[in-house]
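Residue-level structure breakdown
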Amino acid sequence: MLPLREVLRFYSENQMVMMQDTKGVYSIQEKLYELEEKLDAGQFFRISKSEIVNLKKIKRLDLSITGTIKVILSDGTETYTSRRNVTKLKQCLGIKG
């Protein structure tokens, strides 16, 4: 297992949970809900039903008119937060409005 500071995100794909760092993508045994319970809430945030990101690896956020947020990670990976988590993500990152 890699040090958690190296992890960009955890996500589900094809009924498997994947862990991504800057060097690659690996399948892991834990379920996302198990990871969410174990991970430090100050460092990791569940942006959608199928994804948890490392807050320290977020490079940029792009806010759209439709209310979603594109999350760009430090390696250039782009993903989206679900609408129901937009407000919580903004609060977690200290973004107002």
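Residues numbered from 1 in each chain as written. Predicted model: local features only at pLDDT ≥ 70, side-chain atom pairs only at ≥ 80, totals over all residues. Heavy atoms only, no water.

**Quick word on the overall build of the chain**
The line we're drawing: Strands here mean DSSP runs of E at least two residues long; helices mean DSSP runs of H or I at least four residues long; both are numbered from the N terminus. With C-alpha atoms as the basis for the radius of gyration, the globule rule is written as 2.2 Å multiplied by the number of residues raised to the power 0.38. Per-residue accessibility, obtained with a 1.4 Å probe over protein chains only, is compared with the maximum for each type, and a residue is labelled buried under 20%, exposed over 50%, and partly exposed between these values. We call two residues contacting when some pair of their heavy atoms lies within 4.5 Å. To measure how exposed things are, a 1.4 Å probe is used in the Shrake-Rupley method; for residues, cover is taken only from the protein chains shown.
A tally of regular secondary structure across the chain gives 2 helices and 8 strands. Each helix (α) and strand (β) of the chain, taken in turn from the N terminus, gives the series β-β-β-α-β-β-β-β-β-α. For the chain, the C-alpha radius of gyration of 13 Å lies close to 13 Å, the compact-globule estimate for 97 residues. In the chain, which comprises 97 residues, the proportion classed as buried is 39%. In the chain, once contacts between residues fewer than 6 apart in sequence are set aside, the share between residues at least 24 apart is 35%. For the chain, the computed accessible surface area is about 6,300 Å², with 48% contributed by carbon and sulfur atoms.

**Digging into the sheet that holds strand β6 (residues 58-63)**
What counts here: By the convention used here, strands pair only if DSSP detects at least 2 bridges between them. Throughout, an axis means a line fitted to C-alpha atoms (over the contacting stretch in the case of helices), and angles, computed between N-to-C directions, take values from 0 to 180 degrees.
Across the sheet, 3 strands lie side by side as β6-β7-β8; this open sheet has antiparallel pairing. Both edges of this open sheet fall to β6 and β8 (78-81), since each of them pairs with a single strand only. Across this sheet, the average inter-strand angle for adjacent strands is 30°, counted without regard to direction. In terms of strand pairing, β6 meets strand β7 (residues 69-73) through 5 bridges, oriented antiparallel. Each residue of the ladder has a partner; that of R60, found in β7, is I72.

**Remarks on the pattern of salt bridges**
This is how it is decided: What makes a salt bridge here is a side-chain nitrogen of Lys or Arg within 4 Å of a carboxyl oxygen of Asp or Glu, nothing more.
The full count for this structure, using the stated rule, is 6 salt bridges. Between E51 and R9 there is a salt bridge, and its shortest N-O distance comes to 2.7 Å. With a gap of 42 residues between them, E51 in strand β5 (residues 51-54) and R9 in strand β1 (residues 7-13) connect regions that are remote in the sequence. For E51, a relative accessible area of 5% corresponds to the buried category. E30 is the salt-bridge partner of K38, the closest N and O atoms lying 3.9 Å from each other. Assessed through its relative accessible area of 24%, E30 is described here as partly exposed.

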